[in-house]
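# What the coordinates show
Next come the chains, spelled out residue by residue.
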Amino acid sequence: MVSNPERRAALVDAGVEVLAREGARGLTFRAVDTEAGVPVGTASNYFTGRDDLLRQIDARLHARLAPDPAVVADLMTRPKDRSLVTAFMHDLMGRATRDRTGYLALLELRLEATRRPELRASYTKSVRGDLEEGIAFHRDAGLPGGDETVTVLYLAVLGLLLEHLTLPDVLDGVLPGVSVPEGLVERIVATVVPEAP
């Protein structure tokens, strides 16, 4: 395999675009080459196969969608209460909305993982790692609620992200006077996260 980190990163990002737009079935080396604007055959020099490309897309997306350390540091100066959890959830929603393509590619990875056991194992490990990291962060930061709170919050926000980024009209007006997604984020946190004692 060729070792040019910038080219590899560009190919992986092109793979994200193709995956989000065409789905896993459309993710071919030729499609990635075309998206990246490189000669046909380039991607095959960088990845051992399609599974290798999918795993690298997974890793890249977790980096692309990760919170900005400066934002986290700024948020952590606030009181450790429900409003801080709300701010973190708004940050998460903002990151996913700004990188809609990246989040849609993550959803495509989930679907592909249901069909391919070898991808399911690695993808389950990375997503479970994210969830466990979120639980540990919540606990270590002294935020209200425990592991169950974080798990339910994760499931609720995942559902909101899915609807908002794929079929946003489903949520429009479902709760009169509650904006989508901002107001729904606030409702989710208020419902799931206990008030600090």
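Please read all numbers here as calculations on a predicted model, not as lab measurements. (Residues numbered from 1 in each chain as written. Predicted model: local features only at pLDDT ≥ 70, side-chain atom pairs only at ≥ 80, totals over all residues. Heavy atoms only, no water.)

### Focus: the overall build of the protein chain
Quick reminder of the rule: By the criteria applied, helices consist of DSSP H or I runs no shorter than four residues and strands consist of E runs no shorter than two, each listed in order from the N terminus. Any residue under 20% of the maximum accessible area for its type is buried, any over 50% is exposed, and the rest in between are partly exposed; the area is computed with a 1.4 Å probe on protein chains only. Here, residues are in contact when the closest pair of their heavy atoms is within 4.5 Å. Per-residue accessibility takes into account occlusion by the displayed protein chains alone, with areas from the Shrake-Rupley method and a 1.4 Å probe. A residue counts as positive if it is Lys or Arg and as negative if it is Asp or Glu; His and the chain ends are not included. Here the site of a charge means NZ on Lys, CZ on Arg, CG on Asp, or CD on Glu.
Within the protein chain one finds 10 helices and 0 strands. Start at the N end of the protein chain and walk to the C end: the helices and strands fall as α-α-α-α-α-α-α-α-α-α. Dimensions along the principal axes, computed over C-alpha positions, put the protein chain at roughly 60 × 35 × 30 Å. Per-residue burial for the protein chain yields a buried fraction of 40% across its 197 residues. Within the protein chain, contacts between residues at least 6 apart in sequence are counted, and of these 67% link residues at least 24 apart. Approximately 10500 Å² of the protein chain is accessible, and the part contributed by carbon and sulfur atoms is 56%. The protein chain carries 23 positive and 29 negative side-chain charges, and their two centres are separated by 4 Å.

### What to know about the layout of surface pockets
Note the threshold: Both site types are read off a 1 Å grid over the protein atoms alone. A 1.4 Å probe that fits but cannot get out defines a cavity, while an open set with protein on both sides within 12 Å along at least five of seven lines defines a pocket; lining residues have an atom within 4 Å of a point. Grid points are joined across faces, edges and corners, and a volume is the space filled by probe spheres set on the points.
Its volume calculated, the largest pocket comes out at about 1000 Å³. Every residue lining the largest pocket is counted, 31 residues in all, and those nearest its centre are P67, L92, R95, D130 and G134. Put simply, the parts of the chain that give the lining of the largest pocket at least two residues each are α6 (82-98), α7 (100-115), α8 (117-141) and α9 (147-166). Counting residues per element, the lining of the largest pocket draws most heavily on α8, which supplies 8 residues.

### Here we look at the side chain of T42
Worth spelling out the cut-off: Whenever a nitrogen or oxygen atom comes within 3.5 Å of another N or O atom, the pair is scored as a polar contact, on the condition that within protein one atom can donate a hydrogen and the other can accept it, and that pairs from neighbouring residues in sequence are kept only if both atoms are in side chains.
Following the sequence through the fold, T42 ends up in helix α3 (residues 42-46). A residue is classified by how much of its surface remains accessible, and T42, at 9% relative accessible area, is buried. A polar contact is formed between the side chain of T42 and the backbone oxygen of P39, at a distance of 2.6 Å. Residues contacting T42, with those up to four places away along its chain left out, are R7, L11 and D33.

### A short note on the nonpolar core
Applicable threshold: Definition used in this section: a nonpolar core is a set of buried Ala, Val, Leu, Ile, Met, Phe, Trp, Tyr and Cys residues joined via side-chain atoms within 4.5 Å.
Counting residues in each nonpolar core, the largest one holds 53 residues, and the members touching the most others are L19, L27, I57, M89, Y103, L109 and L153. Not counting residues within four places of it along the chain, the set of residues in contact with M89 comprises L153, V157, V185 and V189.

### Focus: unusual backbone geometry
A cis amide bond links V180 to the next residue, P181, at an omega of 0°. Its place among the elements puts P181 in the loop between α9 and α10 (182-192).

### Thoughts on the packing of α9 against α10
Rules: Axis lines are fitted to C-alpha atoms, over the contacting stretch for helices. Their N-to-C directions set the angle, which ranges from 0 to 180 degrees. For classification purposes, angles smaller than 35 degrees are called roughly parallel, those larger than 145 roughly antiparallel, those between 65 and 115 roughly perpendicular, and all remaining angles oblique. Here a crossing is taken to be left-handed if its near helix is turned anticlockwise relative to the far helix by less than a right angle, and right-handed if that turn runs clockwise. Nonpolar residues are Ala, Val, Leu, Ile, Met, Phe, Trp, Tyr, Cys and Pro. Charged residues are Asp, Glu, Lys and Arg, and all others, Gly as well, are polar.
Between α9 and α10, the least distance of the axes is 10 Å, while the angle of their chain directions is 160°. Considering their axes alone, α9 and α10 lie roughly antiparallel with respect to each other. Handedness of the crossing formed by α9 with α10: right-handed. Across from T149, V152, L153, A156, V157 and L160 in α9, the residues of α10 making contact are L184, V185, I188, V189 and V192. For the contact of α9 with α10, the per-class residue count stands at 10 nonpolar, 1 polar and no charged.

### Focus on the pattern of salt bridges
Counted only if it meets this: A carboxyl oxygen of Asp or Glu within 4 Å of a side-chain nitrogen of Lys or Arg is what we treat as a salt bridge.
This model, assessed by the stated rule, comprises 14 salt bridges. When the shortest N-O distance is used, the salt bridge between D13 and R64 registers 3.1 Å. Residue D13 is located in helix α1 (residues 5-22), and its partner R64 is located in helix α4 (residues 50-64); the two are separated by 51 residues in the primary sequence. What makes D13 partly exposed here is its relative accessible area of 21%. With a closest N to O distance of 2.0 Å, R116 and D51 form a salt bridge.

### Some details on the packing of α7 against α9
Running from N to C, α7 and α9 point in directions that differ by 110°, and their axes come no closer than 11 Å. As summarised for this structure, α7 and α9 are arranged roughly perpendicular, according to the angle between their axes. Considering only the axes of α7 and α9, their crossing is left-handed. Every residue of α9 that contacts α7 at R100, Y103, L104, L107 and R110 is listed here: Y154, L158, L161, L162, L165 and T166.

By themselves these figures say nothing about function.
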